[in-house]
Amino acid sequence: MIRAENIVKSFGTQEVLKDISFTFEKSKTNLIIGKSGAGKTVLLKILVGLLQPTKGSVWFDDINLNKIDKNQLRELRMKIGMLFQGNALFDSMTVEENIRFPMDMFTTKTAKEKQQQVDYCLERVSLQGSNKKYPSEISGGMQKRVGIARAIVLNPKYLFCDEPNSGLDPKTAITIDELISTITKDNEMTTIINTHDMNSVMEIGEKICLLHQGKLAWEGTKDEVLESEDELLLDFIFASPFLQRLRSKALSQ
Amino acid sequence: MRLISDFGKFVGWLPEIFSRPENLTMYYKETIRQMYDIGIGSLSIVMIISGFIGAVTAIQFSYQLEGTMIPPYYIGYIVRDMMIIEMAVTLTSIVLAGKIGSTMAAEIGGMRQKEHIDAMEIMGVNTSAYLVMPKLIASVVIIPVLVTIACIVGIGGGYLAAVTIAGFTSSEFTRGLRSFFIPYNVVIMYVKAVTFAFIITSVACFQGYFVTGGSVELGQASTRAVVFGSILILIADLIIALILMS
Ligand SMILES: Nc1ncnc2c1ncn2[C@@H]1O[C@H](COP(=O)(O)OP(=O)(O)OP(=O)(O)O)[C@@H](O)[C@H]1O
Ligand SMILES: [Mg+2]
């Protein structure tokens, strides 16, 4: 479980997040949605402690992220996997070395066990055989998937994904969504995903939080999205005229 | 002002660097890689520069020697001690501050800007330690080796110039080389080498690690690594001279 309590974040005079509170449950795929610039990335970085909130606190189960010392933080972080919006793959290492890095650093697995785990993770993101390529030699979407493989290689307890399927075709995007959703269940992880992909929202959103201008504008499940009358949410979800037409058609039937 | 607050930040940062490694093998591998980069990568430039400096020292001294009562064999003694006490270690270190200092600042700064450091932190890695300690160890080990080589090559350059250009005999030079040798000077040389190695690496890593902004700022950080590194080397040179030679 991950809980945010009254998070406020300002950069200089600009208040990016204004008093945000929520609870994200274990074994659930939780989504943070919102327009570009709404503050999703900033919120995610606060949740993992890369940014300090101006006010408020973040809880991982019964651990207060903002009260623990550096060593406790590192211990907690070994249970965290994260995909960055810009992937943050180590560009002087091959795909395989990237995925192996957390294992090299923190486990005493044998070379063979590591190799098996790397291959298994690559298979899960449908990238078998790309082991020896460098990040600069694969496409943006493939980099994203390598990032996911690296994030899940140590079976984290908490998984954070900043736009896991931006830059992917719809089919691959769905595969990735399903993958994240499945391992969330299998490993009883607490998963938080930043996205503005409506397919993800409707497919895997067990809990959805809408950020709007730094405030938590709406929260609920994917089923509640359909029934909601919330202006901001509808405006966000049914952004395109095409979807609006579909919706009014469905409603009129 | 900025300098003072940076210095405070630097001192506060040092304990982070020297905390316990998560995984010795990874640190070891990285240290070996750095040793290779620093050592092999800088060998030729260090040899070229020290060879020339040795030669120039010999020629200048022979010019000053003309018409004086100083015995000619002093040439070997002067070249040797100039190299040991000052030239080999200080010049090598200044050159290395430029060469490896800028490289290290750019490498770590690039990792900061591309969120590689954040990514490692999220995995639970102590990035201050993992990214800096191997570089520090590598340079504290390898730079004294380079300085030793610079010293030998410099004396060799001095010998060649003295014998071929300045008209000394080989036996004059070697006689000087064997005269008035004070082992303590070699100790001073290594004290300097280790101190300068620490300065070059820690200043460069500091500049890189805390870089913000984009490619312009990265360039500036890299430049600052070289400028501050060089100035600090000279200041340290003076302080060591005052402490160890008085
Ligand atoms: N380091 C920073 N310094 C100053 N302002 C920042 C910083 N990081 C983010 N911001 C501001 O915070 C706001 C939210 O940014 P954020 O990156 O969280 O948006 P986002 O919701 O992730 O958008 P996107 O969907 O485009 O990724 C933006 O207005 C941005 O200008
Ligand atoms: Mg973002």
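Remember, predicted model here, so these are calculated numbers, not experimental data. (Residues numbered from 1 in each chain as written. Chains lettered and ligands numbered in written order. Predicted model: local features only at pLDDT ≥ 70, side-chain atom pairs only at ≥ 80, totals over all residues. Heavy atoms only, no water.)

J.: So, the site of ligand 1: which residues are in play, and what are the values?
T.: Residues and elements named next belong to chain A. Surveying the vicinity of ligand 1 reveals 14 residues, the closest of which are S36, G37, K40, T41 and Q85. Residue Q14 places a side-chain N or O atom 3.1 Å away from an oxygen atom belonging to ligand 1. Within the backbone of G37, one N or O atom sits 2.8 Å away from an oxygen atom of ligand 1. About the coverage of ligand 1: the protein hides 63% of its 640 Å² of free accessible area. For the shell around ligand 1, the element with the highest residue contribution is helix α1 (residues 40–47), accounting for three residues. (Near = heavy atom within 4 Å. Polar contact = N/O pair within 3.5 Å; in protein donor to acceptor, adjacent residues only side chain to side chain. Areas by Shrake-Rupley, 256 points an atom, 1.4 Å probe, with all protein chains shown as cover. Helix = DSSP H or I, 4+ residues; strand = E, 2+ residues; numbered from the N terminus.)

J.: Residue-level account of the side chain of T191 of chain A, with values.
T.: Residue and element names in this part refer to chain A. Mapped onto the fold, T191 is located in strand β8 (residues 190–195). Polar contacts involving the side chain of T191 include one to the side chain of T184, which spans 2.7 Å. Dropping the residues within four chain positions of it, T191 is found in contact with K28, T29, N30, L159, I180 and T184. (Contact = heavy atoms within 4.5 Å.)

J.: Tell me about the coordination of the magnesium ion (ligand 2), and please be specific about residues and values.
T.: Ligation of the magnesium ion (ligand 2) by protein atoms is provided by T41 of chain A (OG1) and Q85 of chain A (OE1), these donors lying 1.8 to 2.2 Å from the ion. Here T41 of chain A is found in helix α1, whereas its partner Q85 of chain A is found in the loop between β6 (80–83) and α3 (95–106), with 44 residues between them in sequence. (Donors = N, O, S within 2.8 Å, 3.2 Å for Na, K, Ca; no water.)

J.: Before we move on, could you go through the pattern of salt bridges and cite the residues and values that matter?
T.: Applying the stated criterion across every chain, the model contains 23 salt bridges over all chains. Of the charged contacts in the structure, one is a salt bridge between E16 of chain B and R74 of chain A, with a shortest N-O distance of 3.4 Å. Of this pair, E16 of chain B sits in helix α1 (residues 2–17) while R74 of chain A sits in helix α2 (residues 70–77), which puts the two residues in different chains. In this pair, the class of E16 of chain B matches that of R74 of chain A, namely buried. (Salt bridge = Lys/Arg side-chain N within 4 Å of Asp/Glu carboxyl O. Buried < 20%, exposed > 50% of the residue type's maximum accessible area, 1.4 Å probe, protein only.)

J.: Quick rundown of the layout of surface pockets? Include the residues and the values.
T.: Size it by volume and the largest pocket reaches roughly 600 Å³. The wall of the largest pocket is formed by 22 residues, among which S92 and M93 of chain A together with E30, R33 and Y130 of chain B lie closest to the centre. Elements supplying a minimum of two residues to the lining of the largest pocket: α3 of chain A together with α2 (24–65), α3 (74–113), α4 (116–123) and α5 (127–165) of chain B. Class assignment for the residues of the lining of the largest pocket results in nine nonpolar, three polar and 10 charged. (1 Å grid on protein atoms, 1.4 Å probe; cavity = no way out; pocket = protein on both sides within 12 Å on 5 of 7 lines; lining within 4 Å. Points joined across faces, edges and corners; volume = space filled by probe spheres on them. Nonpolar A, V, L, I, M, F, W, Y, C, P; charged D, E, K, R; others polar.)

J.: Now, about empty space enclosed by the protein: what can you tell me, with residues and values included?
T.: Under the defined criterion, the tally for this structure stands at three cavities of 30 Å³ or more. When its volume is computed, the largest cavity comes out at roughly 150 Å³. What lines the largest cavity is a set of 15 residues, among which I80, G81, R150 and A151 of chain A together with M123 of chain B lie closest to the centre. Elements with a contribution of two residues or more to the lining of the largest cavity: β6 and α5 (140–152) of chain A together with α4 of chain B. Of the residues in the lining of the largest cavity, the class split is 12 nonpolar, one polar and two charged. Taken as a whole, the second largest cavity holds about 50 Å³ of empty space. Of the residues in the lining of the second largest cavity, the class split is four nonpolar, one polar and two charged.

J.: Give me the lowdown on a nonpolar patch on the surface, citing residues and values where you can.
T.: All names here are of chain B. A cluster of nonpolar side chains, contributed by V227, I231, L232, I235, L238, I239, L242 and I243, occupies part of the molecular surface with about 730 Å² of accessible area. Within the secondary structure, I239 sits in helix α8 (residues 215–244). On the basis of relative accessible area, I239 is assigned to the partly exposed category, the value being 44%. (Patch = residues over 30% accessible without salt bridge, like charges linked within 9 Å, V, L, I, M, F, W, Y side chains within 5 Å.)

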